[in-house]
Amino acid sequence: MTRANRPHADRPPTEGPGPQGLDRPGAPGTPGAPDSHPSYRCPLDGTRVPVEADAPWCCPVCRGPWDLDFTAGAVRASALAGRVGSLWRYAEALPLAGPPPVTLGEGRTPLVPLTDTVTAKLDFLMPTLSFKDRGAVLLAELARRLAPERVVADSSGNAGTSVAAYLARAQLPCTVYVPESTSPKKVEQIAAHGARVERVPGDREATARAARRAADTPGTFYASHVFNPYFLHGTKTYVYELWEELGGRLPEAIVVPVGNGTLLLGAALATAELYAHGLIPERPALVAVQAEAVSPLARAFRAGAEDAAEVPAAETLAEGIAITAPPRARQILRAVRESGGTFLTVNEDQIRAAQLDLAGRGLFVESTAAACWAAVTATPPPLTDRSTVVPLCGAGLKTGVAAGV
């Protein structure tokens, strides 16, 4: 794989018209980015709408997910000392800023070496035990500012838990749609935060369709980790933290699990922004990991396709990335290719073994979170001697030990 040195193609253009109430003055001591009024933009047909309470949750022309017209400001390492100890410290790069943001102290998760070349970032130590807190906190703060009549979300578990927790923090009620097969522990956690849980028969896509029908009701804010781009601007802080923690550099490869691609696309945003501001000399390869049982993106990548065809639903221990038809498939495939990255797939036996292996190293994560470790430790090693970071995205307490172990 080669390493790309050009800005990401999906990097949003300059700002468009925006709503009242979303001004983003810089927080004290943290200058704001140039865009004060971001707007939603469709990456396929260019449709733009202001970010307002009555904005449609998807492009009204093609029904696809939104990007955000927003240009991040430069985050200078020398300015970070003494800032708040959460992801809000990267205020210049965020489309929402200014106190008081909704927060549970998310971010700043530790890095732990696993081998001479592979380091794990422990995002399962986030407030709700999942990396999804990075995006959920921005969605909750956006919802707080827009003040909708109701909020809905859909999830296989972790995103729903994060959204429920942060909306509780924002004192906003919500309804979370989950597949009826979702881990009971995840459902319990969602309900504990006060959210109404709607269990939907069928696969993950059936759940998404049910939530989107509810989202079409006037006065509803769809806190979608897939369709709302504010979520991606939260997950990109994963890479900003890597950059800060590694002393202003990034590893040669950033490996992430991919279902809907929210962490990967956030990583692509961050690497493009850091490179554009001259804060890194070159961009790392983005390596995407899917479960072999449900791998539409990996199939499309290997076939050289620009989009992914829907695949049949199948049982997999990596339930968090078992997405049969990712709405942002084109963007995900393009981001991986432009970074010089690739796709890796893992089978169920590899996932089971990886979860046990990590637990034996003191790191008990859910089976989906073990997929990246399974991929980088496969035989033969796919990344040889390249410096690599893998995310451990969700805690093992959410699902327990994988069946069959």
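All figures in this text were calculated on a predicted structure; none of them were measured in a lab.

Visitor: An account of the layout of surface pockets is requested, with residue identities and associated values reported.
Guide: Here the largest pocket is characterised by a volume of approximately 560 Å³. Contributing to the lining of the largest pocket are 28 residues, with Ser181, Ala314, Glu315, Thr316 and Glu319 lying nearest its centre. Across the lining of the largest pocket, the residue classes tally to ten nonpolar, ten polar and eight charged.

Visitor: Break down unusual backbone geometry for me, with residues and values.
Guide: Of all residues except glycine, most have a negative phi; of all peptide bonds, most are trans. Looking along the chain, the bond that leaves Thr379 and enters Pro380 is cis, with omega of 0 degrees. Looking at where Pro380 falls in the secondary structure, it is placed in the loop between α11 (371-376) and β13 (388-391). Of note in the backbone geometry, Ala147 takes a positive phi value of approximately 55 degrees without being a glycine. Tracing the chain through its elements places Ala147 in the loop between α1 (133-146) and β6 (150-154). Take Ala147: its relative accessible area is 55%, and that puts it in the exposed class.

Visitor: I'd like a description of the state of the cysteines, backed by residues and values.
Guide: Counted under the stated rule, the structure contains zero disulfides. In this model Cys62 remains outside any disulfide bridge; the closest cysteine sulfur is found in Cys42, 3.5 Å from its own. Classification of Cys62 as partly exposed rests on a relative accessible area of 33%.

Visitor: Quick one: what's the story with the sheet that holds strand β9 (residues 220-222), residue by residue and with numbers?
Guide: Pairing within the open sheet is parallel, and its four strands lie in the order β8-β7-β6-β9. Every other strand in the sheet has two partners, leaving β8 (196-200) and β9 as the edge strands with one partner each. With direction set aside, neighbouring strand axes in the sheet form an average angle of 25 degrees. Pairing analysis gives three bridges linking β6 to β9, with the strands arranged parallel. Within β9, the position partnered with Val151 by the bridge is Phe221. On the sheet, helix α3 (residues 184-192) packs against β7 (175-179) and β8 and is oriented at approximately 150 degrees with respect to β8.

Visitor: I'd like a rundown of the packing of aromatic side chains, residues and numbers included.
Guide: Evaluation of the coordinates by the stated rule reveals six aromatic pairs. Summarising the aromatic geometry, the rings of Tyr40 and Tyr230 are spaced 6.3 Å apart at their centres and angled 90 degrees between planes, so their arrangement reads as edge-to-face. Of this pair, Tyr40 sits in strand β1 (residues 39-41) while Tyr230 sits in helix α5 (residues 230-235), and the two are 190 residues apart along the sequence. Note on accessibility: Tyr40 and Tyr230 belong to one class, buried. Relative to Tyr222, the ring of Trp57 lies with its centre 5.2 Å away and its plane at 90 degrees, an arrangement referred to as edge-to-face. Of this pair, Trp57 sits in the loop between β2 (48-50) and β3 (67-69) while Tyr222 sits in strand β9, and the two are 165 residues apart along the sequence. Judged by its relative accessible area of 13%, Trp57 falls in the buried class. Given a relative accessible area of 4%, Tyr222 falls into the buried group. Joined through ring pairs, the aromatic side chains of Tyr40, Trp66 and Tyr230 make up one cluster. The ring of Tyr90 carries the charged tip of Arg89 above its face, separated from the ring centre by 5.9 Å.

Visitor: For the side chain of Ser130, give the residues involved together with the corresponding values.
Guide: Mapping Ser130 onto the fold places it in the loop between β5 (118-121) and α1. Given a relative accessible area of 0%, Ser130 falls into the buried group. For Ser130, the side chain forms a polar contact with the main-chain nitrogen of Lys132, separated by 3.1 Å. Filtering out sequence-adjacent residues up to four positions away, Ser130 remains in contact with Asp123, Phe124, Asn158, Cys393, Gly394 and Lys398.

Visitor: Give a description of the packing of helix α8 (residues 296-303) against helix α9 (residues 329-338) that names residues and reports values.
Guide: Across the interface, α8 lies against α9 with an axial gap of 10 Å and an inter-helix angle of 55 degrees. Between α8 and α9, the angle is such that the two are oblique. Once α8 is placed against α9, the crossing between them reads as right-handed. Mapping the contact onto sequence places Leu297, Ala300 and Phe301 in α8 and Ala329, Ile332, Leu333, Val336 and Arg337 in α9. Residue composition of the contact of α8 with α9, by class: seven nonpolar, no polar and one charged.

Visitor: Any details on the pairing of β5? Residues and values, ideally.
Guide: Two elements, strand β4 (residues 111-113) and β5, share three bridges in a ladder whose sense is antiparallel. Across the sheet, residue Leu111 finds its bridge partner in β5, namely Lys121. In this structure, the hairpin formed by β4 and β5 is closed by a connection of four residues. The pairing of β5 with β13 spans four bridges and is classified as parallel. If you follow Thr119 over to β13, its bridge partner there is Val389.

Reading the values: the criteria
Residues numbered from 1 in each chain as written. Predicted model: local features only at pLDDT ≥ 70, side-chain atom pairs only at ≥ 80, totals over all residues. Heavy atoms only, no water. 1 Å grid on protein atoms, 1.4 Å probe; cavity = no way out; pocket = protein on both sides within 12 Å on 5 of 7 lines; lining within 4 Å. Points joined across faces, edges and corners; volume = space filled by probe spheres on them. Nonpolar A, V, L, I, M, F, W, Y, C, P; charged D, E, K, R; others polar. Helix = DSSP H or I, 4+ residues; strand = E, 2+ residues; numbered from the N terminus. Buried < 20%, exposed > 50% of the residue type's maximum accessible area, 1.4 Å probe, protein only. Disulfide = S-S within 2.5 Å. Pairing = 2+ DSSP bridges. Axes fitted to C-alpha atoms, helices over the stretch in contact; angles between N-to-C directions. Contact = heavy atoms within 4.5 Å. Phe/Tyr/Trp six-rings, centres within 6.5 Å; stacked < 30°, edge-to-face > 60°. Lys NZ or Arg CZ within 6 Å of the ring centre and 35° of its normal. Polar contact = N/O pair within 3.5 Å; in protein donor to acceptor, adjacent residues only side chain to side chain. Parallel < 35°, antiparallel > 145°, perpendicular 65-115°, else oblique. Left-handed = near helix turned anticlockwise from the far one by under 90°.

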